[in-house]
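Structural characterization, general
Residue-level listing of the chains:
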Amino acid sequence: MSREKKPTSYPGVRYREHATRKHGVRQDRYFFIRYRVNSQLKEEGAGWASEGMTAEKASKLLGEIRENIRLGAGPQSLTERREQNEEAKIREQERAQRAQRQSVLYGRFFEEEYFPTTSLKKKKGSIESEKALHTKWISPVLQTVPLLEIGYSHIEKIINSMREAGRKPRTIKYALSVISQV
């Protein structure tokens, strides 16, 4: 691999050509930017031509870095910039996961997650009772409600409908315990 860095027509931007790696018909180029921070010369790799980097893009990066150094704000090196971009990606992924968790509907969770796992652990009678309570009393009220949005008003509707149908307090308590377990 060639270690000699060659200048470009852009000040502060240099490149080296890879000995064997090709980009089109010519050798692939790796671009570097050079700048000073507190009187110290710093050189960082900007990227490969085969991955979209050009001398012009490297020059723009260099301009941004120099401007950030001058203003004392923002990423003051490519390393800082990459770290900030990585942190932003992680925050975005966490936000998307949080939004996905918040949108899980009660009915879907009951059918796909809760019921299959608890049916392996509980007695047949308990499984049938929970399924019946879910189908007759809980599902009509909570089927399309996201888990995190279940509130007292939803629970109150279930309790009132069970009382009006003449269900005993113990049965109502059992239905509430099923909701709580889910």
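Anyway, here's the lowdown on the structure attached to this text. (Residues numbered from 1 in each chain as written. Predicted model: local features only at pLDDT ≥ 70, side-chain atom pairs only at ≥ 80, totals over all residues. Heavy atoms only, no water.)

Let's shift gears to the sheet that holds strand β4 (residues 40-48). Within a beta sheet, neighbouring strands are joined by backbone hydrogen bonds and run either parallel or antiparallel to one another. If you walk across this open sheet you meet the four strands as β1-β2-β3-β4, and the pairing is antiparallel. At either margin of the open sheet sits one strand with a lone partner, and together these are β1 (6-7) and β4. On top of the sheet, helix α1 (residues 55-71) reaches β2 (13-23), β3 (26-37) and β4; it is set at about 15° to β3, its chief contact. In the packing of helix α2 (residues 78-102) onto the sheet, the strands contacted are β3 and β4, and the crossing angle to β4 comes to about 50°. (Pairing = 2+ DSSP bridges. Helix = DSSP H or I, 4+ residues; strand = E, 2+ residues; numbered from the N terminus. Contact = heavy atoms within 4.5 Å. Axes fitted to C-alpha atoms, helices over the stretch in contact; angles between N-to-C directions.)

Contact geometry of helix α3 (residues 106-118) with helix α4 (residues 124-142) gives a least axis separation of 11 Å together with a crossing angle of 170°. Comparing the axis directions of α3 and α4 gives the class roughly antiparallel. The segment α3 lies against α4, with Tyr 106, Gly 107, Phe 110, Glu 111, Tyr 114, Phe 115 and Thr 118 engaging Ile 127, Glu 130, Lys 131, His 134, Ile 138 and Leu 142. (Parallel < 35°, antiparallel > 145°, perpendicular 65-115°, else oblique.)

For the rest of this paragraph, the subject is the packing of helix α5 (residues 152-164) against helix α6 (residues 169-181). The contact between α5 and α6 brings their axes to 10 Å, and the two run at 150°. One element, α5, and the other, α6, form an angle in the roughly antiparallel class. You can see that α5 and α6 cross each other, and the crossing is right-handed. Listed contacts from α6 to Ile 155, Ile 158, Ile 159, Met 162 and Arg 163 of α5 are Thr 171, Ile 172, Ala 175, Leu 176 and Ile 179. For the contact of α5 with α6, the per-class residue count stands at eight nonpolar, one polar and one charged. (Left-handed = near helix turned anticlockwise from the far one by under 90°. Nonpolar A, V, L, I, M, F, W, Y, C, P; charged D, E, K, R; others polar.)

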